Amino acid sequence: TLYATFTLACFVAPAVTNTLGPRLTLFLGALGYAALVAASLLLAIVGAPWCRGVVVLGGGVLGVGAALLWTAQGRLMLEYSDGTDQGRLFAIFWALFNCSSVVGGLLTFFYFSHHSEEAPVSLYLIFLGCIVLGGA
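Notes on the structure follow. (Residues numbered from 1 in each chain as written. Predicted model: local features only at pLDDT ≥ 70, side-chain atom pairs only at ≥ 80, totals over all residues. Heavy atoms only, no water.)

Let us now look at the overall build of the chain. If you tally the helices and strands in the chain, you get six helices and zero strands. For the chain, the spread of C-alpha atoms along the principal axes amounts to about 50 × 30 × 25 Å. Taking all 136 residues of the chain together, the buried fraction comes to 31%. Within the chain, contacts between residues separated by at least 24 positions form 68% of all contacts whose residues are at least 6 apart in sequence. For the chain, the exposed area adds up to about 8,300 Å²; of that, 73% sits on carbon and sulfur atoms. In the chain, which carries 4 positive and 5 negative side-chain charges, the distance between the mean positions of the two groups comes to 6 Å. (Helix = DSSP H or I, 4+ residues; strand = E, 2+ residues; numbered from the N terminus. Buried < 20%, exposed > 50% of the residue type's maximum accessible area, 1.4 Å probe, protein only. Contact = heavy atoms within 4.5 Å. Areas by Shrake-Rupley, 256 points an atom, 1.4 Å probe, with all protein chains shown as cover. Lys, Arg positive; Asp, Glu negative; His and termini not counted. Charge placed at Lys NZ, Arg CZ, Asp CG, Glu CD.)

This is the structure we're talking about:
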């Protein structure tokens, strides 16, 4: 679901970015990531079978959000560049982006080294907070 909606949304994301501007589109894209974490949080809290469908729906929302986010990110990178520093700006972006994966992995590692719960509600809340704060 996620990649199907991501692929389809990539066809309309440039028009949305042109209409709303890259900053607002970037924020809306970040909300797509928050939707999947919130759906997973719901599954962890409620645990009912219907919650699995909500997680699949959250994946679809994330697909649209990812298309918006990555289109807006590319546009902002090109807007911030004066034409001579595009390579440097993209290198800085990808370095910071990959650092976020390391930090997220370390956060998860240290969380689970001290907690043994099966459905980590507090971890979902931490990541949801990071996404919302990062998008703002």
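With that out of the way, let us pick up the packing of helix α2 (residues 13-20) against helix α3 (residues 22-46). Across the interface, α2 lies against α3 with an axial gap of 6 Å and an inter-helix angle of 125 degrees. By the angle between their axes, α2 is oblique relative to α3. Between α2, through Val16, Thr17 and Leu20, and α3, the contact on the second element is made entirely by Pro22, Leu24, Thr25 and Leu28. Grouping the constituent residues of the contact of α2 with α3 by class yields five nonpolar, two polar and no charged. (Axes fitted to C-alpha atoms, helices over the stretch in contact; angles between N-to-C directions. Parallel < 35°, antiparallel > 145°, perpendicular 65-115°, else oblique. Nonpolar A, V, L, I, M, F, W, Y, C, P; charged D, E, K, R; others polar.)

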